[in-house]
Amino acid sequence: MPSSTPKALASCAGMLRNRLKSSLRTRGGGSHGDGPSRWTSQGHQEKPNGYLFNRTPPPPGESRKWEDWELPYYLTGFLTVVILGVGLTAKPDMTIETWAHEKALERLENQRVATIAAAAAVEESG
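Residues numbered from 1 in each chain as written. Predicted model: local features only at pLDDT ≥ 70, side-chain atom pairs only at ≥ 80, totals over all residues. Heavy atoms only, no water.

Helices and strands together make up the secondary structure of the protein chain, namely three helices and zero strands. Counted from the first residue to the last, the protein chain has its helices and strands arranged as α-α-α. Per-residue burial for the protein chain yields a buried fraction of 4% across its 126 residues. (Helix = DSSP H or I, 4+ residues; strand = E, 2+ residues; numbered from the N terminus. Buried < 20%, exposed > 50% of the residue type's maximum accessible area, 1.4 Å probe, protein only.)

Together, W66, W69, L71, Y73, Y74 and L75 make up an exposed nonpolar region whose accessible area comes to about 690 Å². Note that Y73 resides in helix α2 (residues 70-90). On the basis of relative accessibility, which here comes to 55%, the residue Y73 falls in the exposed class. (Patch = residues over 30% accessible without salt bridge, like charges linked within 9 Å, V, L, I, M, F, W, Y side chains within 5 Å. Areas by Shrake-Rupley, 256 points an atom, 1.4 Å probe, with all protein chains shown as cover. Salt bridge = Lys/Arg side-chain N within 4 Å of Asp/Glu carboxyl O.)

In the structure shown here, the tally under the stated rule is four salt bridges. Between E70 and R64 there is a salt bridge; the shortest N-O distance is 2.9 Å. Note on E70: relative accessible area 4%, which makes it buried. Assessed through its relative accessible area of 40%, R64 is described here as partly exposed. Note that E109 is salt-bridged to R112, the shortest N-O span being 2.6 Å.

The next point concerns the packing of aromatic side chains. Considering all chains together, one arrives at three aromatic pairs under this definition. Where Y73 meets Y74, the ring centres are 5.7 Å apart and the plane angle is 70°; that geometry is what we call edge-to-face. With relative accessibility at 40%, the residue Y74 sits in the partly exposed group. Every member of this aromatic cluster is reached through a ring pair, and the members are W66, W69, Y73 and Y74. (Phe/Tyr/Trp six-rings, centres within 6.5 Å; stacked < 30°, edge-to-face > 60°.)

Here we take up the confidence of the model for the protein chain. On average, residues of the protein chain carry a pLDDT of 82, and 74% of them reach 70 or more. Of all helices and strands in the protein chain, the one with the weakest mean pLDDT is helix α1 (residues 4-21) (79), whereas α2 scores best (96). (pLDDT = per-residue confidence, 0-100.)

Written as structure tokens, this is what we have:
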């Protein structure tokens with residue numbers, strides 16, 4: 001029985017390898033010669049031509065024509081930055097440190113008023 005275990009493992013490994021071979025992704029369709037790959041098709045470039053998004057630049061003196069989505073996309077991005085910039089700059093300071101600082105100032109003011117009132121009462125009586 002122990003001698004059949006390596007044979008069983010080898011046959012399982014071979015079957016698994018054959019099943020996975022067809023589904024493995026290889027760039028350019030692979031060199032296995034099994035026909036067209038499911039990851040590439042006719043018309044796709046194998047190597048980049050050096051331009052961004054493989055777009056050739058317009059002739060000199062001409063500007064690139066904007067696509068339909070570009071104007072709303074850029075406007076939305078710009079307005080988002082403006083609204084967040086103004087909104088976050090103008091928001092009230094609601095941190096616990098600010099609240100504690102204000103409460104401490106109120107207590108100091110109340111203490112000062114009480115001290116002045118006590119000093120006035122001493123002068124009146126004396």
